[in-house]
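# Fold and contact review
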Amino acid sequence: MTIQRTSDVWEAIAESPEEAERLRVWAEALDAVLARIDELELTPTQAAERLGVARSRIYEMRAGKQGVYSLERLIGFGARLGLHTHLTMRKTA
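The rules behind these values
- Residues numbered from 1 in each chain as written.
- Predicted model: local features only at pLDDT ≥ 70, side-chain atom pairs only at ≥ 80, totals over all residues.
- Heavy atoms only, no water.
- Phe/Tyr/Trp six-rings, centres within 6.5 Å; stacked < 30°, edge-to-face > 60°.
- Buried < 20%, exposed > 50% of the residue type's maximum accessible area, 1.4 Å probe, protein only.
- Core = buried A, V, L, I, M, F, W, Y, C linked by side-chain atoms within 4.5 Å.
- Helix = DSSP H or I, 4+ residues; strand = E, 2+ residues; numbered from the N terminus.
- Contact = heavy atoms within 4.5 Å.

Taken as a whole and assessed by the stated rule, the structure comprises one aromatic pair. Here Tyr 69 and Phe 77 contribute two aromatic rings whose centre-to-centre distance is 4.9 Å and whose plane-to-plane angle is 80 degrees, an arrangement assigned as edge-to-face. An identical accessibility class is assigned to Tyr 69 and Phe 77; each is buried.

Written as structure tokens, this is what we have:
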């Protein structure tokens, strides 16, 4: 068995560079939504009401559970919380 070393957790768990990039962007969106919830000092119940989801889904988001919400849904949540999404794509090193 060959062990490959990488400094990027997403590359380590993803099956392809494309999947690693999707996971990276998804995690950034999730972090932004959760940070905004904290900034607004919303309780899980208040956040759930504002986003139109069950309170249990807020706990799942906090746990970083993948597959609960798509990137598109997270972007929508951000908009409901007053966030603007900006995407920048650039060449890799």
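After presenting the structure, the write-up continues.
Right, let's talk about the nonpolar core for a bit. Formed by 19 residues in total, the largest nonpolar core has its most connected members in Ile 37, Met 61 and Phe 77. Elements supplying a minimum of two residues to this core: helix H2 (17-39), helix H3 (44-51), helix H4 (55-62) and helix H5 (71-80). Looking at this core element by element, the count peaks at seven residues for H2. In this structure Ile 37 touches Leu 42, Ala 47, Leu 51, Arg 62 and Leu 81, once residues within four positions along its chain are discounted.

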